[in-house]
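The residues making up each chain are set out below.
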Amino acid sequence: MISVDADPAPFTFAPATTALVIIDMQRDFCEPGGFGETLGNDVSLLQSVIPPLQTVLATARALGMTVIHTREGHVPDLSDCPPAKLNRGNPSLRIGDPGPKGRILVRGEFGHDIVDELAPLPDELVIDKPGKGSFHGTTFGAELQARGITSLLVAGVTTEVCVHTTVREANDRGYECLVLSDCTGSYFPQFHRVALQMVAAQGGIFGWVAPSSALLTALTPEAVR
Ligand code: C5J
């Protein structure tokens with residue numbers, strides 16, 4: 001077992017039954033011209049997530065761990081996008097509208113795909129999800145069960161939306177989740193900080209939080225052997 005120095009207590013996991021889950025590191029959220037920017041956000045704030053997450057991803061791959069990526073988005077006819085989501089707010093472009101990186105948040109479009117730095121390998125699972133949580137409307141839960149996964153190392157964007165929703169869904173289903181603080185990010189630094197506090201508060205009401213440095217200190221080839 002690996003033990004990571006985490007908040008509120010050490011996070012213990014077996015690499016064979018743990019997945020690195022990378023949430024929505026898509027151009028639509030992380031780069032100009034996508035969904036995040038249409039909502040008025042400064043997408044450059046998410047760029048700091050990429051370098052530490054690249055290191056964690058490389059480590060997980062080198063150790064043969066399960067890696068799962070998610071993408072938020074919709075089928076081209078938007079039949080899986082409820083009007084409540086489609087019509088929400090006052091974005092400069094709505095979901096499905098043509099933008100500089102293709103149709104906003106639509107599957108198969110350039111903007112919907114994952115940033116080059118974190119591109120999935122051909123054998124890595126990519127879960128396309130219509131909502132904020134990774135379990136809603138997807139095969140994520142079944143895929144975890146099929147692989148015997150019981151613990152999740154969670155990274156990606158945004159901390160208080162899709163990361164939080166996924167961690168809450170996972171916690172309710174019995175998964176133990178470690179959220180990697182520097183490998184998650186938000187357009188709102190204060191939301192990021194408080195969202196992480198919310199996960200670990202009350203004795204770890206939804207899970208555990210640690211920086212990637214703490215994970216990498218513990219997750220060595222010697223410890224995994
Ligand atoms: C949002 C996400 N923020 N991936 N999606 O709409 O967090």
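Residue positions are given per chain, counting from 1 as you read along its sequence in written order. Side-chain atom pairs in this predicted model are given and counted only at pLDDT of 80 or more, local residue features only at pLDDT of at least 70, and totals for whole chains, interfaces and linings cover all residues. Hydrogens and waters are ignored; side-chain quantities use all the structure's heavy atoms.

**Q** Summarise the pairing of strand β4 (residues 66-72); cite the residues concerned and give the values.
**A** Throughout, exposure labels follow a simple rule: accessible area from a 1.4 Å probe, protein chains only, divided by the maximum for the residue type, with under 20% read as buried, over 50% as exposed, and the rest as partly exposed. To qualify as a helix, a DSSP run of H or I must reach at least 4 residues; to qualify as a strand, a run of E must reach at least 2; elements of each kind are numbered from the N terminus. A large share of β4 lies buried, amounting to six of its seven residues. Strand direction decides the pairing type here: strand β3 (residues 18-23) and β4, joined by five bridges, are parallel. In the sheet register, isoleucine 23 faces β4, and the bridge partner there is threonine 70. Strand pairing requires that DSSP identify at least two bridges connecting the strands. The sheet contact formed by β4 and strand β7 (residues 125-129) spans five bridges and is parallel. If you follow threonine 70 over to β7, its bridge partner there is isoleucine 127.

**Q** Before we move on, could you go through the site of the ligand and cite the residues and values that matter?
**A** We call a residue near a molecule or strand when any one of its heavy atoms sits within 4 Å of it. Taken together, Asp24, Phe29, Phe35, Glu72, Lys132, Val157, Thr158, Val161 and Cys162 make up all the residues around the ligand. At 2.9 Å from a nitrogen atom of the ligand is found a side-chain nitrogen or oxygen belonging to glutamate 72. Taking cysteine 162, its main chain carries an N or O atom lying 3.2 Å from an oxygen atom of the ligand. For the ligand, whose unbound accessible area comes to 230 Å², protein coverage reaches 92%. Throughout, the ten residues Ala, Val, Leu, Ile, Met, Phe, Trp, Tyr, Cys and Pro are labelled nonpolar, Asp, Glu, Lys and Arg are labelled charged, and all others, Gly among them, are labelled polar. For the shell around the ligand, the per-class residue count stands at five nonpolar, one polar and three charged. Here a polar contact is recorded for every N or O atom pair within 3.5 Å, except that within protein the pair must consist of a potential hydrogen donor and a potential acceptor, and residues adjacent in sequence are included only if both atoms are side-chain atoms. Per-residue and other accessible areas follow the Shrake-Rupley method at a 1.4 Å probe size, with only the shown protein chains counted as cover for residues.

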